[in-house]
Amino acid sequence: MPQKQLDVAFIGGPQYDALYSRLPQFEQETGYAVNVHVQLPHPALNAHIDEVFAAGTATYDVISTHVKYAPAQQAWLLPLDTHFSEAELADFSPALLKLARVNGALVQIPRNVDARILFYRNDLLESPAEQARFQRQYRRTLRVPQTWDEVRDVATFFTRPPDLFGFAFPGHSSGLFGTFFELVAMAGGTLFDEELNPSFNTAAGRWALGFLADLYQQGLTPRDLMATYFDEVSQIFREGKCALAADWPAYYGLLTDPETSAVADKFGVALYPVGPAGTRAVYAGGHSFAIPMSVQDVEGALALVRFLTSPESQYVEAQAGAIVPRSAVMARVRSETPAGTVHAQRLALMEETIQNHMLTFPKFGAYPQVEEVCAETLQAAIRGQVMLPRALEFMEEQVRDLLS
C-alpha cells in the first residue's frame, strides 16, 4: 500500500524553522509523509500561493498564512468551525481566535502572537561616558526613549556612520506601511473611517510620514534602508549596527544566541515609546496554519494542523522566543524564566503590549494590496522624491481606486 502523503507550503526562516524539526515525529506517529514543496519568506510565500490558487494548480493540504493575509485568501480556505471543538480551542487566546476568523468563519489556527517592543543597546545607553557626553550636548539625562521625539534625539546622538546608526525600521512593503500605521495611530489618527474611507491625509499622517522621512534624510538609519525588511532590521541590531530597533518575538532566540548575535549580552527591552497623542499603538497579528480547498486528505491535514499547534509544538516555538497563543504554554514559559532577568522583563512587556497596546489591521481582502501600493509612495516621500502632503493625497487616491 502506498504511503499516505500530505503536501504543504510553509513560511521559512530561522525564526520559524525550529518547529519543522518536529515533522519526523508526526510522520512516525501517523504514517504520513509530509512533502514540504516550498518554504519561503512570507512575501514570496504569499505570491506563490496567489499564483497557484489563481491558476487552479494548487494541490496543498496545509499552508502557512497570517491573520492579516487570510481575508484575501478566504475563497481558497476551508472553514474549520465544524472540525475544531470549543474544548480544543479553549486554551487559545480569545483575541487571536477572533483575528483568525474572517466574516465569522474560523479559517486558520493561530501559531503565534506577533507584536513588537523596543530593543536598545544597554552597553551604549548605560555607558557613563556616553551619558556624560549626552548630558553636555542635550542638557538632560540619557535614558531609554519614552517618546518618539526622544527616539529621534537618541538616534541622532548614536549615529556614527558607517559602523553605527541610531534606529532601524523596515523600509518597504508591509513592514514600512505597518510602521507608518503605528505612528499615525500614536499621533491620534486612523487609516480608515468606519466606512473604510482612507483617512490618513491628516495632521497625524503628516507627523508620522515626516518622522520617518526625517530619520532617513538626516542619515540616522542604515543607508540601504529601502531594501530592509523585518529579517534585515533584526540582523542589523544583532550585528551591533544600530542603537535602537523595534523587533518581533520570533527573532529573540537569534538575538540571545552568541553565535548569531554580537549583542547577545548587550541589550535591554522597553515598551514602545508614546506618540504625540500620548498613547502606544503596536501593529500586531499572528502567523497561522490553514487548510486550503485544494486539500486531498482532510483528516490528515487536520491531524497535521493539530500537531503543529499542539502544546508540545508551541512550547518548542516559545523556547526560541515566540509568544504563542496557548495560555498554558506561556504560563509554563514564565514559570521557567528566572525572575529579574531581561528574559522575564521581555515576557512582561510583551504581555502588557498584547493586552493594552495592540493595533490590528482592518479586515478586508484588498488590505495587502493597500499595503503594497502605499508603501511605494511612502518610500518616495521618505527619499524626498515626493512632497509629503502630495504623497498622502496620492496614497488616499490609490486606496480609493483599489477599494472601488
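Report on the accompanying structure. None of these values were measured; they are calculated from a predicted model.

In terms of helices and strands, the protein carries 18 helices and 13 strands. Computed over C-alpha atoms, the radius of gyration of the protein comes to 22 Å, within 12% of the 22 Å expected from 2.2 N^0.38 for 404 residues, which places it in the range of a compact globule. Projected onto its principal axes, the C-alpha positions of the protein cover 75 × 55 × 35 Å. Taking all 404 residues of the protein together, the buried fraction comes to 57%. Counting only carbon and sulfur atoms, one obtains 51% of the accessible surface of the protein, whose full area is about 16600 Å². In the protein, which carries 30 positive and 46 negative side-chain charges, the distance between the mean positions of the two groups comes to 8 Å.

Next up on the list: helix α14 (residues 311-319). Within α14 the residues assigned to the buried category are Ser313, Gln314, Tyr315, Glu317 and Ala318. Once α14 ends, the next one or two residues include Gly321, with phi positive near 115 degrees.

Within the fold, Arg306 resides in helix α13 (residues 298-308). The exposure class of Arg306 is partly exposed, given its relative accessible area of 29%. For the pair Arg306 and Ile109, spaced 197 residues apart in sequence, the C-alpha separation works out to 8.6 Å. Among the polar contacts made by the side chain of Arg306, one reaches the side chain of Glu88 at a distance of 2.6 Å.

Following Pro161, the chain continues to Pro162 via a peptide bond in cis, the omega torsion being 5 degrees. Looking at the element boundaries, Pro162 is found in the loop between α8 (148-158) and β8 (165-168). The phi torsion at Leu196 lies on the positive side, around 65 degrees, for a residue other than glycine. For Leu196, the location among the structural elements is in the loop between α9 (173-186) and α10 (203-217). Among the residues examined, Leu196 registers a relative accessible area of 31% and is labelled partly exposed.

So, on to α13. Turning to α13, its buried residues are Gly300, Ala301, Leu302, Leu304, Val305, Phe307 and Leu308. The N-terminus of α13 is capped by Asp297, whose side-chain oxygen sits 3.4 Å from the backbone nitrogen of Glu299.

Further remarks concern the sheet that holds strand β12 (residues 287-290). Here five strands make up an open sheet; going across it, the order is β2-β1-β3-β12-β6 and the pairing mixed. Both outer strands of the open sheet, β2 (32-40) and β6 (109-110), are each paired with one neighbouring strand and no more. Taken together, the two bridges between strand β1 (residues 4-11) and strand β3 (residues 62-66) define a ladder with parallel strand orientation. Bridge pairing in β3 places Val8 opposite Val62. Against the sheet, helix α2 (residues 42-55) contacts β1, β2, β3 and β12, and its axis sits at roughly 110 degrees relative to β2.

Turning next to the side chain of Thr221. Along the chain, Thr221 falls in the loop between α10 and α11 (230-238). Every residue in contact with Thr221, bar those within four places of it in the chain, is listed here: Phe165, Phe167, Phe169, Leu215 and Tyr216.

With that out of the way, let us pick up the nonpolar core. One broad trend across soluble globular proteins is that nonpolar side chains are buried collectively. Ranked by size, the top nonpolar core spans 92 residues in total, and within it Phe158, Phe167, Phe177, Phe180 and Tyr367 carry the most contacts. Contacts of Phe177, omitting those with residues within four sequence positions, involve Leu191, Tyr367, Val370, Glu371, Cys374, Leu378 and Met395. Judged by nonpolar contacts, the second largest core, of 45 residues, contains Ile11, Phe92, Leu106 and Val305.

Let us look at the pattern of salt bridges. Side chains that differ in charge, positive against negative, can pair when their charged atoms come close. Under the definition given, this model contains 18 salt bridges. In this structure, Arg390 and Glu393 form a salt bridge, with 3.5 Å as the shortest nitrogen-oxygen distance. Separated by three residues within a single helix, Arg390 and Glu393 lie in helix α18 (residues 388-403), roughly one turn from each other. Residue classification places Glu393 among the partly exposed residues on the basis of a relative accessible area of 36%. Residues participating in the shared-partner salt-bridge network are Glu130, Arg133 and Arg160.

Looking now at the environment of Asp50. Note that Asp50 resides in helix α2. Assessed through its relative accessible area of 37%, Asp50 is described here as partly exposed.

Counted under the stated rule, the structure contains 28 aromatic pairs. Taking 6.4 Å as the distance between ring centres and 45 degrees as the angle between the ring planes, the aromatic pair formed by Phe119 and Tyr252 counts as tilted. Taken together, the positions of Phe119 in strand β7 (residues 117-121) and Tyr252 in helix α12 (residues 252-255) put the pair 133 residues apart, joining distant regions of the chain. When sorted by exposure, Phe119 lands in the same class as Tyr252, which is buried. A cation sits over an aromatic face here: Lys4 above Tyr32, 4.3 Å from the ring centre. One Lys or Arg, Arg223, reaches over the ring of Tyr216 and ends 4.6 Å from the middle of that ring.

Criteria and thresholds
Residues numbered from 1 in each chain as written. Predicted model: local features only at pLDDT ≥ 70, side-chain atom pairs only at ≥ 80, totals over all residues. Heavy atoms only, no water. Helix = DSSP H or I, 4+ residues; strand = E, 2+ residues; numbered from the N terminus. Rg over C-alpha atoms; globule rule 2.2 N^0.38 Å. Buried < 20%, exposed > 50% of the residue type's maximum accessible area, 1.4 Å probe, protein only. Areas by Shrake-Rupley, 256 points an atom, 1.4 Å probe, with all protein chains shown as cover. Lys, Arg positive; Asp, Glu negative; His and termini not counted. Charge placed at Lys NZ, Arg CZ, Asp CG, Glu CD. Polar contact = N/O pair within 3.5 Å; in protein donor to acceptor, adjacent residues only side chain to side chain. Pairing = 2+ DSSP bridges. Contact = heavy atoms within 4.5 Å. Axes fitted to C-alpha atoms, helices over the stretch in contact; angles between N-to-C directions. Core = buried A, V, L, I, M, F, W, Y, C linked by side-chain atoms within 4.5 Å. Salt bridge = Lys/Arg side-chain N within 4 Å of Asp/Glu carboxyl O. Phe/Tyr/Trp six-rings, centres within 6.5 Å; stacked < 30°, edge-to-face > 60°. Lys NZ or Arg CZ within 6 Å of the ring centre and 35° of its normal.

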